[in-house]
Structure formats: C-alpha cells, structure tokens
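Below are the chains, spelled out letter by letter.
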Amino acid sequence: MKDTFVLDEKRKASFKRTRVFCAVLTYAFAILALACLIGIVVSVLMLNFGARSERKDLILYILSGSFAGGAGLFALSTYLFSKLTSAVSQKELDFRERLDSEESFFVGEGTLLTFGEKGVTLHGEEEGKYESVFVPYGETRYISICTRRRAREKGTWCVAIEMPVKYLMKKGEKAENEKVLVQADAKDRLYETLKKHGLTVLGEKRDEQKENQKFKAIKKFSLPNGKKRKTAILTLVVGILLAGGSVPLGIYYSASVGALMGAAGLVFLFRGTWNFIRAKAVFGVYGEGIFWRESNGKESLFLKWEDIESVIREEKNGYPVLTFKCSYGRYAIPAVRGAYECIKELKEEKCTQEK
C-alpha cells in the first residue's frame, strides 16, 4: 500500500513538471515569434533607409527571410505547445480525481465531489483541509451546460450540480431556500457515474454532428466605448508621430535608429487601429439565441433560446439592462437601444416579465 502511494505521488509530480515545462515553452516561443516579427520590420526599414550596397542588401534580405521563417515556426510551436499544455493539464486533473475515487470529480480548486450510495460528498483534495459536506441525492439536480463564447454550436461542456446552500453554511448561520451550483467538467466517466446512480441529467444534450455549425445573426447592435476609443486615438497619434519621424531620422541621422523608431511606430499604429475598431460592445440576436461581447473583447457569451427562461427589462445601478434568466443563472447585459424590441418580435413568449 505504501509503495502504491509513493508511486502515485511520483506520477502526480511528473504530470505537474510536464505541464509547467510545456507552459514555459509556450511563453518562450510566443516571445521569440514576436521578436522575429519586430526583426522583419527593422530589416525592411533598414533596406529602405540605410546606405545601399550589394553585401549589406544581401545580408538584410537573408535576415528578413530568416526572421519570417522563424516567426512562422515559433508561432506554430506556440500553438502546438499551448494545446499540449491543455491536454497535459486535463490528464493531470483526471489522474488526481482518480487518486481519490473513480467517482470523484473536481468542482473547484482543490475541492472534489464524490458520489456515494445515498448522496454526494464535497471535500478537499488534501485530507483534513476542508470539512466534508454530505448532500442527499434527493436534494440535488444535475444540469448539462454548454458554455459558448461564439455564435456557433461548439463550446465547452460541463455538468452543474445544484444543491441547497444550507449545506455549505457554517453552524449557526441561517439560510433561506436558496440553491448553489458547483461545476464539474463533462466527461464520459461523470455521465457513467450519474447513470449508475440513476440520476437524471437535465439541460442541453450534446450533438457532435452539429458542432461545426455556425449561427447567422438576424440583427446586431453595437455600444461604443468612448473612453477606450479616446485611448486608441492617442495610441494612433503616437504611432503616426513615430512612423513619420522615423523617415527623416533614418535619412539624416542613423538608418538603424530610424528603423527601430519606424518599427515602434508601426506597432503603435496597428495596436491603435485594432483597439479603436474593437472599442465597442456587440449584442446580436440570432434565431438560435443571443450573443454578447464586452468592449474589451475578452468576455463574450452565447445563450441559446432553449436555456433562456425569460428576458427581463430592468434597471441595475441606475442603468437599463436586459436580464436573461436561465435555469443555471442570470446574465445582465446593458440594454442596447432596439435590442429588447427585436427580441420581443422574435420570442415574445420569453418577454413575459418587465420591470
């Protein structure tokens, strides 16, 4: 038994080392790819600004080609190692779950949910770290959810386990009949466990044949972010000044300094243009559901009509919002002018509550 424990700990440590190593290589290759892109810009600018000679031009052409090849190779390596890091991470988590039990699943950092004969038990991965909590099966619900960041069928699947919040309260604290959701990655082992214990899975059913399907918008609305656009314009101005100043600097002072200044100017121009275009939130109404993307471009979601129970028009912190109520949560989105009317025209039965 002791030998088995030692072996398991060694495998666990091996998974962690592999994951960290892959993550470090991912970032290293990304930095090298960016450095090569800058090298391309500098080489091209030096070809145009510097004193011309056959030998110098040949060296710069070779450098440009080498930087281009390096950028492509390092970009591909970044992508492949990011995928490898994700795969290793998933295997590591699955291995750690199975160290506890074949019917144990992570529902948070260091927190496992284990299925038993009469209910589920929430407990820490490390023994004694957290107090165990037992919840009878009769007071739980299991909902299959697909989290989509784009307007398409494909997304990230999980199973949300709903249970009364009273089981998670400390002794002496009062709790209403509120529910709380914990989330586990959707995997075959989890579905098999649910089936084994005769537990019904609610929510959306996965159809792998439709996962490549993309949705077409009926209407899109935008909400410009004035603050971000002002910042983007400032970045553009800096880029124009740097790019414009690099020409006389390269001709009359130093081709190398001019090239570097021009490269910096192009980076600012690209970033400013991109940020200006993206400095707006986007709301889309689709036949299949609704799409929302924040003005920072990082946060986005797509909710299907099958998941949306109702659409509520209300105020939050003094601003009008549209609240989309689902069985697994509520999503408040700024009310873009004309969006609610468009939804009501398409799905009037969903717009039953207004405040």
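Quick caveat: nothing in here was measured; it's all calculated off a predicted structure. (Residues numbered from 1 in each chain as written. Predicted model: local features only at pLDDT ≥ 70, side-chain atom pairs only at ≥ 80, totals over all residues. Heavy atoms only, no water.)

1. Describing the pattern of salt bridges
Note the threshold: A carboxyl oxygen of Asp or Glu within 4 Å of a side-chain nitrogen of Lys or Arg is what we treat as a salt bridge. The numbering of helices and of strands both runs from the N terminus, where a helix is a DSSP run of H or I of at least 4 residues and a strand a run of E of at least 2.
Enumeration according to the criterion identifies 18 salt bridges in this entry. Glu 125 is the salt-bridge partner of Arg 96, the closest N and O atoms lying 2.8 Å from each other. With Arg 96 in helix α2 (residues 54–100) and Glu 125 in the loop between β3 (119–124) and β4 (133–136), the pair connects residues that are 29 residues apart, well separated along the chain. Across the salt bridge formed by Arg 206 and Glu 211, the nearest N and O atoms sit 2.9 Å from each other. Via salt bridges that share partners, Asp 94, Glu 97, Arg 98, Glu 102, Lys 187 and Arg 189 belong to a single interconnected network.

2. Digging into the packing of aromatic side chains
Each aromatic ring pair is described using two quantities: the centre-to-centre distance and the angle formed by the ring planes. Put simply, the rule reads: Note on aromatic pairs: the rings of Phe, Tyr and Trp (six-membered ring only in Trp) are paired at centre separations within 6.5 Å, and the planes decide the class, stacked below 30 degrees, edge-to-face beyond 60, tilted for the rest. Throughout, exposure labels follow a simple rule: accessible area from a 1.4 Å probe, protein chains only, divided by the maximum for the residue type, with under 20% read as buried, over 50% as exposed, and the rest as partly exposed.
All told, the structure shown has 11 aromatic pairs when counted by the stated rule. Residues Phe 105 and Phe 115 carry aromatic rings whose centres are separated by 6.0 Å and whose planes lie at 80° to one another, so their mutual orientation is edge-to-face. Of this pair, Phe 105 sits in strand β1 (residues 104–108) while Phe 115 is found in strand β2 (residues 111–115), placing the two residues 10 residues apart along the sequence. By relative accessible area, which is 1% here, Phe 105 ends up buried. With relative accessibility at 6%, the residue Phe 115 sits in the buried group. Counting every residue linked through ring pairs, the aromatic cluster contains Phe 105, Phe 115, Tyr 137 and Tyr 142.

3. A look at a positive patch on the surface
Which entries qualify depends on this criterion: Residues enter a patch when their relative accessible area is above 30% and they make no salt bridge; the linking distance is 9 Å between like charges and 5 Å between nonpolar side chains (Val, Leu, Ile, Met, Phe, Trp, Tyr). Surface accessibility in these figures is a Shrake-Rupley result with a 1.4 Å probe; residues are shielded only by whichever protein chains are displayed. Note on charges: Lys and Arg go in the positive column, Asp and Glu in the negative column, and His and the chain ends are not counted at all. For charged residues, the charge sits on one atom: NZ in Lys, CZ in Arg, CG in Asp, CD in Glu.
Residues Lys 227, Lys 228, Arg 271 and Lys 298 make up a contiguous surface patch of positive charge. As for its placement among the helices and strands, Arg 271 is situated in helix α5 (residues 255–278). In this structure Arg 271 comes out as exposed when scored by relative accessible area, which is 54%.

4. Regarding the sheet that holds β1
Which entries qualify depends on this criterion: Two strands are said to pair when DSSP picks up at least two bridges between them. Only the stretch in contact is used when a helix axis is fitted, and all axes are lines through C-alpha atoms; the angle between N-to-C directions ranges over 0 to 180 degrees. We call two residues contacting when some pair of their heavy atoms lies within 4.5 Å.
Read from one edge to the other, the open sheet built from 4 strands follows the order β1-β2-β3-β4, with strand pairing classed as antiparallel. Lying at the two open borders of the sheet, with one neighbouring strand each, are β1 and β4. Sheet twist, expressed as the mean angle between neighbouring strand axes with direction ignored, is 25°. Relative to β3, β2 is paired through 5 bridges, and the arrangement is antiparallel. From the neighbouring strand, Leu 112 faces β3, where its bridge partner is His 123. Sheet strands touched by α2: β1, β2 and β3. Its angle to β1, the strand with the most contacts, is close to 120°.

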